[in-house]
Amino acid sequence: MDIFAVRLRETRKEMKLTQKELAVAVNTTDDSIFSWENGRSQPSIEMIRLLCKTLEVTSDYLLGLEDETGSKTIP
């Protein structure tokens, strides 16, 4: 499973959101959230922006380009 899928799921759970609640917050379906969290598909760039705002993380973190402390990582 790719780092995006893992971090999306972990971050959503840390925020105590269900897939349905996150879907409503970013105006998509819970099926889309499920697919992203299971690595079956990937969101658009605009959707990544909305996810980051809602989950209060950076796109670099969700995409695996930085760790929890904000330090850059080498993929």
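Computed from a predicted model, the values in this text were never measured in an experiment.

1. Overview of unusual backbone geometry
Leave glycine aside and you will find that most residues have negative phi; peptide bonds, for their part, are mostly trans. You will see that Asn27, though not glycine, has its phi angle at about 60 degrees, which is positive. With respect to the secondary-structure elements, Asn27 resides in the loop between helix H2 (19-25) and helix H3 (30-37). Residue classification places Asn27 among the exposed positions, given a relative accessible area of 71%. In this structure, Glu56 takes a positive phi of about 60 degrees despite not being glycine. With respect to the secondary-structure elements, Glu56 resides in the loop between helix H4 (45-55) and helix H5 (59-62).

2. Notes on the nonpolar core
The biggest cluster of nonpolar side chains holds 13 residues, and the ones touching the most others in it are Phe4, Leu8, Leu22, Val26, Ile33, Trp36 and Leu51. For this core, the elements supplying multiple residues, two or more each, are helix H1 (3-14), H2, H3 and H4. If sequence neighbours within four positions are ignored, Val26 has contacts with Ile33, Met47, Leu50, Leu51 and Thr54.

3. Here's the deal with the environment of Asp67
Assignment of secondary structure puts Asp67 in the segment after H5. C-alpha separation for the pair Asp67 and Asp31, spaced 36 residues apart in sequence, amounts to 27 Å.

4. Some details on H1
Relative to the 16 Å expected for twelve residues at 1.5 Å per residue, H1 spans 16 Å between its end C-alpha atoms, a close match to the ideal helical length. Buried within H1 we find Phe4, Ala5, Arg7, Leu8, Thr11 and Arg12. The secondary structure elements touched by the buried residues of H1 are H2, H3, H4 and H5. Two residues or fewer past H1, Lys16 is found with a positive phi of approximately 60 degrees.

5. Points about the side chain of Ser35
Here Ser35 lies in helix H3. A residue is classified by how much of its surface remains accessible, and Ser35, at 18% relative accessible area, is buried. Setting aside chain neighbours within four positions, we find Ser35 in contact with Arg40 and Ser41.

6. Regarding the environment of Thr28
As for its placement among the helices and strands, Thr28 is situated in the loop between H2 and H3. Taking the relative accessible area as the measure of exposure, Thr28 reaches 25% and is therefore partly exposed. In contact with Thr28, not counting residues within four places along its chain, are Ala23, Ile33, Trp36 and Met47.

The rules behind each value
Residues numbered from 1 in each chain as written. Predicted model: local features only at pLDDT ≥ 70, side-chain atom pairs only at ≥ 80, totals over all residues. Heavy atoms only, no water. Helix = DSSP H or I, 4+ residues; strand = E, 2+ residues; numbered from the N terminus. Buried < 20%, exposed > 50% of the residue type's maximum accessible area, 1.4 Å probe, protein only. Core = buried A, V, L, I, M, F, W, Y, C linked by side-chain atoms within 4.5 Å. Contact = heavy atoms within 4.5 Å. Expected span 1.5 Å × (residues − 1).

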